[in-house]
Amino acid sequence: MTQTIEVPAAAPAPGTPRIRGRWSLTWHGVRTVAALELRQRVRSTRWVVALVVWTVVIGALTLLMLGALGTVFGTGDAGMTRASQGPVLFAAVTFLVLGLGLLVTPTLSSTSVNGDRNAGTLATLQVTLLTPAEIALGKLLAAWAAACAFLVLSVPFLALATASGPTSWWALLRVVLLIAALLVAVCAIGLGMSALVSRTAGSTVLTFIVVAAVTFLSPMLFGLTYGSVTSTDRVQVYSMPDDWDGSADVECVWRSGERDVAHTERTWWLLAVNPFVVVADGAGRTALDDESDVLGGLRHVVRQVRAGAEGKVDECWMNDDFEGATSDAPVWPWGLGLNLALGAVGYVLAVRRLSIPTRTLPRGTRVA
């Protein structure tokens, strides 16, 4: 009869190095990496110059737009001037800050990993007790803090635009928070590209390509796919009566007919991922319901696109009684979620690329 004897595993020798898993996180480790990154940025003279140039550019363009809008809306009643000028200025400054932020932010994180690797400082962090997740998150927080510094410098000019018209201060708060959330997504994308590509120029270009794809390519794809989602359906048509004599004063009627209908409810997400759409839709009711509410108009159009035609077509443009397809469901959570998902992919990619292969570890090293 064979007897099986279980031999207990030998305890690791004292002093054997023990490495935590790649996804282990501690606030101390993240804060250490972030503080190191920010300290290096503050010591750079180019950082201070960039902040000064940003403030001067945003301030100058805001004042120029304020003067130009004052000239355009400077006739008529003073109340109408303020009600018309404020929403346009707020939308213009909001898009200006967001657009410049999308241009500046990729440069803050797209060289954070490969730049340190080329300088020989990344290996020093990797051989410490810091995990890849802590290194990546620390670099991400540092880049985001730098991007938010530019955003904070823009808040006074956004506040000036808010104070110049009947725009809600809650809209200002929502705009700032949404822009900050979009910037962290861009920072994460740049971090992933810097870990994926060895050359800093290549990672910066790839980050700009991804940002350009969600900003410009997605609306282009929406337009290019418009024909593929259009079909001939039998719908209710709101049009002029058969005996219409061409006069402006006409009562439109409902009738049934076949029309080409675009089912944009299938492709609305291509517009939702656009950062400008996210901010415009998430800003809420920025001003009075008039033609000068640029953000409100864009929000209304995008929500109509999400709703689709819903079996109704308006051919009576001179009559305001038409109640077409519309949706009160917000679009910005989906668009912001898609952007953050891209950022999450970049962060995961950075963590995996920062991990030291097990075969390169000393013999006897334990991985938690």
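Reading the values: the criteria
- Residues numbered from 1 in each chain as written.
- Predicted model: local features only at pLDDT ≥ 70, side-chain atom pairs only at ≥ 80, totals over all residues.
- Heavy atoms only, no water.
- Helix = DSSP H or I, 4+ residues; strand = E, 2+ residues; numbered from the N terminus.
- Buried < 20%, exposed > 50% of the residue type's maximum accessible area, 1.4 Å probe, protein only.
- Areas by Shrake-Rupley, 256 points an atom, 1.4 Å probe, with all protein chains shown as cover.
- Polar contact = N/O pair within 3.5 Å; in protein donor to acceptor, adjacent residues only side chain to side chain.
- Core = buried A, V, L, I, M, F, W, Y, C linked by side-chain atoms within 4.5 Å.
- Contact = heavy atoms within 4.5 Å.
- Expected span 1.5 Å × (residues − 1).
- Bend = angle between axes of the 7 residues up to and from the residue.
- pLDDT = per-residue confidence, 0-100.
- Disulfide = S-S within 2.5 Å.
- Pairing = 2+ DSSP bridges.
- Axes fitted to C-alpha atoms, helices over the stretch in contact; angles between N-to-C directions.

Observations regarding the overall build of the protein
When helices and strands are counted, the protein shows 13 helices and five strands. Within the protein, the proportion of its 368 residues that are buried is 43%. For the protein, the exposed surface amounts to about 19,800 Å²; the carbon and sulfur share of it is 64%.

A short note on the environment of Arg303
Inspection of the secondary structure puts Arg303 in helix H12 (residues 294-307). Residue classification places Arg303 among the buried positions, given a relative accessible area of 16%. The spatial distance from the C-alpha of Arg303 to the C-alpha of Asp328 is 7.1 Å, given a sequence separation of 25 residues. Of note is the side chain of Arg303, whose polar atom sits 2.8 Å from the side chain of Asp281.

Observations concerning the nonpolar core
Core analysis: the largest hydrophobic core is formed by 58 residues, its most contacted members being Val97, Leu98, Ala136, Ile179, Leu191, Val279 and Tyr347. Per-element tally for this core: the top contributor is helix H8 (residues 169-196), with 14 residues. Those residues in contact with Val97 that sit more than four places away from it in its chain are Trp54, Ile58, Leu151, Ser154, Leu158 and Ile179.

Some words on H8
Because each turn of an α-helix spans 3.6 residues, side chains separated by three or four positions in sequence point in the same direction. Between its terminal C-alpha atoms H8 stretches 41 Å, which fits the 40 Å expected from 28 residues at 1.5 Å a residue. Burial runs high along H8: 21 of the 28 residues are buried. Measuring from the backbone nitrogen of Trp170 back to the side-chain oxygen at the start of H8 gives 3.1 Å, which picks out Ser168 as the cap.

Quick word on helix H9 (residues 200-224)
If you check H9, its first and last C-alpha atoms are 33 Å apart, about what 25 residues at 1.5 Å a residue would give, namely 36 Å. A maximum bend of about 45° is found in H9 at Ala213. Turning to H9, its buried residues number three or more, namely Ser203, Thr204, Thr207, Val211, Val214, Thr215, Ser218 and Phe222.

Notes on the confidence of the model for the protein
Considering every residue of the protein, the mean pLDDT works out to 82; 80% of them sit at 70 or more. Below pLDDT 50 for its whole length, residues 358-368 participates in 17 contacts with residues either more than four positions away or in separate chains.

A closer look at the environment of Val305
Secondary-structure assignment places Val305 in helix H12. By relative accessible area, which is 13% here, Val305 ends up buried. In sequence terms Val305 and Leu271 are 34 residues apart; their C-alpha atoms lie 8.9 Å from each other. Other than its neighbours up to four places away in sequence, Val305 contacts Phe222, Thr264, Glu265, Trp268 and Leu271.

Brief notes about the state of the cysteines
Under the criterion given, the structure shown has zero disulfides. No disulfide involves Cys148; its sulfur sits 7.7 Å from the nearest other cysteine sulfur, which is in Cys187.

Points about the sheet that holds strand S2 (residues 230-239)
Two pairing modes exist for strands in a sheet, parallel and antiparallel, and in both the strands are linked by backbone hydrogen bonds. Here three strands make up an open sheet; going across it, the order is S3-S2-S4 and the pairing mixed. This sheet does not close on itself; its edge strands, each paired only once, are strand S3 (253-262) and strand S4 (312-314). Averaged over all pairs of adjacent strands, the angle between their axes in this sheet comes to 45°, without regard to strand direction. In this sheet, S3 lies alongside S2 in antiparallel orientation, the contact comprising ten bridges. When the bridges of S3 are listed, Arg234 appears paired with Glu258.

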